[in-house]
Every structure is written in C-alpha cells, then in structure tokens.
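# Reading the structure
Single-letter residue listing:
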Amino acid sequence: MYTYPKMEYKPYIPGFKPVDSGPLSRFLPPLEEGVISAWLSHQTLAGNWLLDPFGFSPRLVLEAARSGYRVLVTANNPVTRFLLETFANPPPESEFIAALADLGAIKKGEERLAGHLQSLYFTTCEKCNQQIQAHSFLWRKGEDTPYARIYECPHCGDSGERAATEEDKEHAKRIASTDALHRSRAFERVISLKDEDRIYAEEAIQHYLPRPLYALTTVINRIDSLTLSPERKRALMALILLACDAGNTLWAHPSERPRPKQLSTPNQFREHNVWMMLERGVSLFAASGSPVPFEAWPKRIPESGGICIYEGRLKELAHEVKKEIPIAAVIGSVPRPNQAFWTLSALWAGWLWGKDAVEPYKVALRRRRYDWAWSATALHAIFEHLNGLLADGVPMFGLIPEPEPAFLTSALTAAYAAGFKLESIALRTEHDAMQVIWKTAQKPKSEIADKSVLQKAVFDYLCARGEPASYLHIHTAGLIALAEANMLKQPELEFDETLRKAQALFSSALKDDERFTHYSTGENIDTGMWGVTSPPQDESLSDLIEIAVVTYLQKNPNAIFLEMEDDLYPRFPGLLTPSKGLIYAVLNSYAEKNGANWKLRDEDVASARREEMKAVFALLEKIGKRLNYESSINDKVLTWKDNGQTVKKFNVLASALLNRALEHADGHTVIVIPGGRAALAAYKQERDPSLRARLKKYKLVKYRLLRSLLEVPILTRETFEEQIASDPVEESKGQMMMF
Ligand SMILES: [Zn+2]
C-alpha cells in the first residue's frame, strides 16, 4: 500500500440533510446536521467555551450550543445576527400568525393592507375566468412586462405556468408608473442622500422590480405604526426579511435550487408574490426547534450552554476574550465571498432597522468584486487575531462548504500563514462540506515551493486511490503536501501573487509529468478527472468499497445507511472518503431496502452466489460441448480449447470487481457477471475513465445471456460470437447519484 498521507487523517463525519432547508437557505452555508455535535462528542476539551469567528452558519452555532457548549460568535452581518437570534429564541408559531394578522389588518385607504397587497397579484384564471392571485410572474431581463404567470386556481384547480395576459401586463405597467417615489423611499431608509456611497445602494435596489418594491416599502413604512410586543415584532421582522429576499430578481427561472453569489439579474427570473411569501414564512420559521440561551456580549450565558454574540469584528474582541474567556476550541463555516448576500444584507438592514444598522456594515454596499486573493487576505486577518487570542494547541474544526480548488487554496494559505497547523482534511465530494482540522502553532519557516513535492503527493494519492480522481481531490492532496513542507506561502509575497504562483505550480506539475493522465475534453487542468498512466495492480477505491459494504452487510443484516457510513469512513479517511453515490450503487446492486434497513438480496447471500457460480460453470461446459470445445476450470476461469488451442477464457464473477478480472485478461477473455451487477459495473465505468478504456477490449456478458443461449436450437460458433457481442451492459439504474 502507498503511504500518501503523512498526516493522520480523521474520518469524514457523516451528517444528514436538514428536513427543511430553512429561511434564507440559498445564502447560508449548505451544511449537514449532526456533524459539529459528533465532532464535539469526540473531543476532550479544556472547558466548554467555543468560538465561531465567522458567524456564517446560524445552524452550526445552534447545534454546538444545544450540545452543551457556550459559543461565542462574532457576526458583523446584521442579517445573520438577526437570524441567529431568531433561531436561538424562536417566537412561537402563534406569534408569527398574530404578527401577520396585525400587519394585514392595517388600514390602507379604504381597504386592509392584506387585501391591498393581494390585489397587486390578481390575475385571471385561464380556465374558469375567476380572479385569483398569481404565485409568481415570470420575466425576461430588461423587459417592462412579465411574459408569464404561475398560479394554482382555488376555484377550478387549474395550475401551472400560463402566458401573461394583456391585463397582467397593464397591471405591471400601472404599478411601474409610480415607481420613482417608492424607489427613493426604499433608498432613503438605507443611506442618506448626501452619502457618497448612495450610488451603491441605488444599484442594489435596481435588483427589485417595481411591484415587489412597492409591496415591501408599503409594509416597511407601516411597521412603526404598529404597537407590538418585542416577541411579536421579532416575528414580524423575520417574515419581512424573507419577503425582502423573495422580492428581488435573483430568482433564475427555471432553477431548482439557486445559490446566487453575484448580484446580477438572470435572463429569466421569477417575481414572487410578496404577500404569499409573508404567509409562507410562518411555517418556515416556526420549525426552528428548542430555544437556546442567547445574550449579547458582554452579558454572560449559563455554563450549561448557549450563544453569546459579539456584534462586530474579532479584532476588537480579541483582547477581552484573551483576558476573560478560555476558548477550548474554534468552530466555524469558512466564509466564501458572496457579493449578492452581503450587499443585500446591508440593504435589508436599512429597510428593517434603519440607517444606523447599516452603518457598521456599509462597506458591503461599496465593494462589488470579491476575488480569492481578497478572500485570503480577509481570512488571514481573522486567523491572525485568532492565533493571538488562543492558547497553543487549541483545535479548530472548520467546514468548507461548496469547496472548489481556489477557495481551498485561499483558506488553507490564509490559515497557514497565520500559524495554524493543518492536522486533517476529510473530503467526500465537491457537493459536500470539507472538514478541516487545524491547531494553533508557531508560524512556519517558509520554504520555496517545489513542483516535485506536488507531483509526489498527487502520484502517491492517485496510487492509493487506485482510480482516477476529480481535480479537487488531487488539488487538495497537493495543498496538504505543500502545507506539510512549509511551502504554502512566502512571507514577503502578497496573497494575489501567492495564489497565482500556486495555480501555476499545479498546472506545470501536472502537465509536465508523464505519470499523469488527464481524462477531460477541456484544456483547463481543473476539468474532468486525473489518473496515473500505469494504474497500480491494487484494487481501486470503488472495488474496496464494494467489498467493504458487502462484508458489512453479511455481518450486519438490516443495517441502516448511517451505520454503514460510520463503519466505512474511518477505514477510508481523508481524501479516500467514498461518496454516498458509490455506497448507494453498491447497495442497490447487492441489497434491498426495507424501510430504512438494508439487507443482502437472497441471491446475493454468499452460499447462494456460490451455487449460482457453479451452475454458470456447468452451463459454460454444456455450451462448450455443443460447440465442440473442451472445457477446463482453473480458479474461477473456465477455458475453452479447440485442439489444444485456447479459444475463450470465461472469468466468472459474482461481484463487479472488474479490476481484479482485468489483471489476467487477454484477447480470449470474456468477463461474466450476474445481471444484478450490471448497473454497478456501468456506474464504475462512468466514474472511472481508466476502467472504461481498459474494459473496451473485453466482452462483458451476464449470466442470463448464457442461460438463454442454451435455449437456442441451432448454436454455432459464429452465432455464439454474435450473441455475446450483443449483450448490453450499460444498464444504468437511472436515478443513481453519480459521485
Ligand atoms: Zn380557475
């Protein structure tokens, strides 16, 4: 076995997708639940104070607090801070309902506000001609009327996307005619007219169409006229915050789960019904879970756990913390730049809480471009302050959601330069948050980066994996090696230069080394997959996972998925963590699901498989006899000979361990697999271009084809060849997760 890791990799900690993604989830880090509490439960920490220096994921902080820790959080984004407070201490559902009722009952001229806002979205049902509310209107960028509407008629049940009517278009134009007034009102709540930054606020407001802007300002201008209890007011603000997000143009259509990063209007987008979004918010917030003690610094929280929030930057807090609070561990979701969310947060803070709330966060309005060098510089500043306030050897558990190579380089380099020693990285797929562990240490003495360090690390990693990997995987392996060799950053270089150099180093390291094969249709190194040109004879990662899953199920019938992850991840830690897609592909091939429990199929129990293989050998012998070949069996390979000359070698498998079968394959080889393994074999070929290429030279047939051949009345040597050439193996199961 290759020894690619010098570091002791920790296993990936499995979690589960939250039942509902919750409010503003498109801007919050997509993290699995249960991960931080599992990590904490494995630590022996000195005390129970944790620090989240990023304050990016309210859910992460809440989960840690619910595990009995006191979490000090710095959050300078007023929206994130509000979300955290609302989740920590959620008003009961009744307060949300009452808040909405109070709002709806406000008089607007002769009508109630609820009716007025609903009427903004009136449209005519195409089928029954009744007047109903549209759920949303669809727009093309730059046009002044919507082209379609989406509704669900409560009268006749007609629903879906319908072309916009003339009436719909007139309606939109009528609202737009008074837009200037509402726009300037919306704007004045955020920033004063004399402020030199006003142009940025104006630009941000451009991402609101006239109708939602009118609806939002109409609501916001009436908040102050309501006399509400603090709790009900908080409930109302939470609903309005959701409406503020629903009202902008950053809703690409069609799109399942958009995660906008840039403030830019898509070519086609959805205009949500703001009133309906207020109504929907009730159930979205009401599911926030049990309350957690929550205080603003310098007030203290009980020892049993809770959240202490510091509204500001770590820099200002560092000195006080060092004196008073022994931080036992650092946790956090490492922030990636999100210009859209940050700008909108400043805007919404103004709308909800007025200009004063925007002031400390105004810089977010001003900045329009965030690149990775900016990100590294900002992260570095945070890590520097952290290192200053923490004792030596304090662990930090960082999650890097939506990992991509540049983000990772930026985060690891920033931490490295501030003296955080990389202890472990666990990476599953690019769709899962990466789990990184650092420890505070002395700042490293930097060495000049050396290409051969990268090449060795990538080569060793790919050999250990035994199959090609995504660029993200080998990039991570390379970064780890550079960190271990103290080569991530030269102290005299700025971050932009450092990141550029790192990218160039990776590019030349991969392109100049013939041991690597790039499986890609694109030129860029980060596309497609990378493998080693002469794959080692070891089993591939997917083969090893197949063996491990089946062995586990033999010993643990009726296991649930999470138990299998708990068994597999420690055995395949770090960058070898199998994807859920691979585990499911194996499960679907070998096992059946009963409720949440997995059990080997009857035909895949070891004894049944042995019997079936025997039958297949008997079958091959019979067919051979009909074709006048002599058969002999040696170690699961049945050979046909004609006058002493080898004609065919049937390698009969019960598994989809194709690499093993290919090891001794030659021009005569036919690989025979059970039909139940065909989809897994196809899956493996799809994720492994090297395997796909090698398999092309050989015939792959299923047991059942051989059975059907025995039924053919006139079987000749020629028709036999034709038949086995026609057996389709690419029988994918459709809904399988690819990676
Ligand atoms: Zn209708």
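Look a little higher up for the structure.
This write-up is about the structure you can find in this document. Along each chain, residue indices are assigned from 1 in the same order as the chain's sequence is written. Only residues with pLDDT of at least 70 are given local features in this predicted model, and only at 80 or more are side-chain atom pairs given and counted; all residues enter the totals for whole chains, interfaces and linings. Side-chain descriptors were evaluated using all non-hydrogen atoms of the structure, hydrogens and water having been removed beforehand.

What follows is about the packing of helix α6 (residues 166–176) against helix α9 (residues 210–223). Their axes nearest at 8 Å, the elements α6 and α9 cross at an angle of 55°. In this view, α6 runs oblique relative to α9, as classed from their interaxial angle. Of the two possible hands of crossing, α6 and α9 adopt the one that is left-handed. Here His171, Ala172, Ile175 and Ala176 of α6 come into contact with α9, specifically with Pro210, Arg211 and Tyr214. Nonpolar residues are Ala, Val, Leu, Ile, Met, Phe, Trp, Tyr, Cys and Pro. Charged residues are Asp, Glu, Lys and Arg, and all others, Gly as well, are polar. Its residues assigned to classes, the contact of α6 with α9 shows five nonpolar, one polar and one charged. Axis angles are defined between N-to-C directions and span 0 to 180 degrees, where every axis is a line fitted to C-alpha atoms and, for a helix, only to the segment in contact. Counting from the N terminus, the helices are DSSP H or I runs at least four residues long and the strands are E runs at least two residues long. Each angle receives one of four descriptions, namely roughly parallel if under 35 degrees, roughly antiparallel if over 145, roughly perpendicular if within 65 to 115, and oblique otherwise. Crossings are sorted by hand: turned counterclockwise from the far helix by less than a right angle, the near helix makes the crossing left-handed, and turned clockwise it makes it right-handed. Throughout, a contact is declared for two residues whenever any of their heavy atoms are within 4.5 Å.

For the rest of this paragraph, the subject is the packing of aromatic side chains. Here a pair means two rings of Phe, Tyr or Trp (six-membered ring of Trp) with centres within 6.5 Å. Their orientation is stacked below 30 degrees between planes, edge-to-face above 60, and tilted elsewhere. Within this structure, the stated rule accounts for 25 aromatic pairs. Centroid distance Phe87 to Phe285: 6.2 Å. Interplanar angle 40°. Geometry classified as tilted. With Phe87 in helix α3 (residues 78–88) and Phe285 in helix α11 (residues 274–286), this residue pair connects regions lying 198 residues apart in the sequence. By the burial criterion, Phe87 is buried, and Phe285 matches it. Geometrically, the ring pair formed by Phe96 and Phe285 is stacked, given 5.6 Å between the ring centres and 10° between the ring planes. Here the residue Phe96 occupies a position in helix α4 (residues 93–105), and Phe285 occupies one in helix α11, the gap between them amounting to 189 residues. Taken together, the aromatic side chains of Phe54, Phe383, Phe420 and Trp438 make up a single cluster linked through ring pairs. The rule for a charge over a ring is simple: NZ of Lys or CZ of Arg within 6 Å of the ring centre, and within 35 degrees of the ring normal. Lying across the ring of Phe495, Lys489 places its NZ or CZ 4.8 Å from the centre. Here the term buried applies to any residue with accessible area under 20% of the maximum for its type, exposed to any over 50%, and partly exposed to those in between, with areas from a 1.4 Å probe on protein chains only.

For two strands to count as paired, DSSP must find a minimum of two bridges between them. In spatial order, the strands read β23-β24-β25-β26-β27; together these five strands make up an open sheet with mixed pairing. Sheet topology places β23 (630–634) and β27 (699–702) at the edges, where each strand pairs with a single neighbour. Taken pair by pair, the neighbouring strands of this sheet meet at an average axis angle of 25°, ignoring direction. Across four bridges, the pairing between strand β25 (residues 645–652) and strand β26 (residues 669–673) is parallel. Within the sheet, the bridge partner assigned to Phe650 lies in β26 and is Val670.

A sheet is described by the order of its strands in space; here eight strands give the open sequence β11-β12-β2-β1-β13-β14-β16-β15, paired in mixed fashion. Strands with a single pairing partner mark the edges of an open sheet, and in this sheet they are β11 (294–296) and β15 (420–426). Each neighbouring strand pair of the sheet contributes to a mean axis angle of 20°, computed without reference to strand direction. Strand contacts of helix α19 (residues 471–484): β15 and β16 (434–440), with the helix running at about 150° to β15, the strand carrying the most contacts.

This brings us to helix α18 (residues 451–465). How far a helix is expected to stretch is found by multiplying one less than its residue total by 1.5 Å. Along its 15 residues, α18 runs 21 Å from first to last C-alpha, staying within 8% of the 21 Å computed at 1.5 Å per residue. Most of α18 is tucked away, with eleven of its 15 residues classed as buried. Turning to α18, its buried residues are Leu454, Gln455, Ala457, Val458, Phe459, Asp460, Tyr461, Leu462, Cys463, Ala464 and Arg465. Where α18 begins, one side-chain oxygen reaches toward the backbone nitrogen of Ser452, 2.9 Å away; that side chain belongs to Asp450. At the exit of α18 stands Gly466, carrying a positive phi of roughly 70°. Distance and chemistry together define a polar contact, namely a pair of N or O atoms within 3.5 Å, with one atom able to donate a hydrogen and the other to accept it when in protein, and with adjacent residues in sequence counting only for side-chain atoms on both sides.

To continue, consider the pattern of salt bridges. A side-chain nitrogen of Lys or Arg and a carboxyl oxygen of Asp or Glu constitute a salt bridge if their distance falls within 4 Å. Throughout the structure, instances matching the rule amount to 46 salt bridges. Put simply, Arg259 and Glu402 hold a salt bridge, and the shortest N to O gap is 3.3 Å. Taken as a pair, Arg259 in the loop between α10 (230–246) and β10 (268–272) and Glu402 in the loop between β14 (395–400) and α17 (405–417) lie far apart in primary sequence, 143 residues in all. The exposure class assigned to Glu402 is partly exposed, which follows from its relative accessible area of 22%. Measuring nitrogen to oxygen at the nearest pair gives 2.6 Å for the salt bridge that ties Asp567 to Arg571. Of this pair, Asp567 and Arg571 both sit in helix α22 (residues 561–571), four residues apart, which is roughly one turn of the helix. What makes Arg571 partly exposed here is its relative accessible area of 47%.

Residue position: Thr440 is located in strand β16. For Thr440, the side chain forms a polar contact with the main-chain oxygen of Ala391, separated by 2.9 Å. At 2.9 Å, the side chain of Thr440 forms a polar contact with the backbone nitrogen of Gly393. If near-sequence neighbours (up to four positions away) are discounted, Thr440 is found in contact with Asn387, Leu390, Ala391, Asp392, Gly393, Val394, Gly419 and Phe420.

Alignment of strand β8 (residues 148–152) against strand β9 (residues 159–163), held across five bridges, turns out to be antiparallel. Bridge pairing in β9 places Arg149 opposite Arg162. What sits between β8 and β9 in their antiparallel hairpin is a turn of six residues, with Gly157 showing a positive phi close to 85°.

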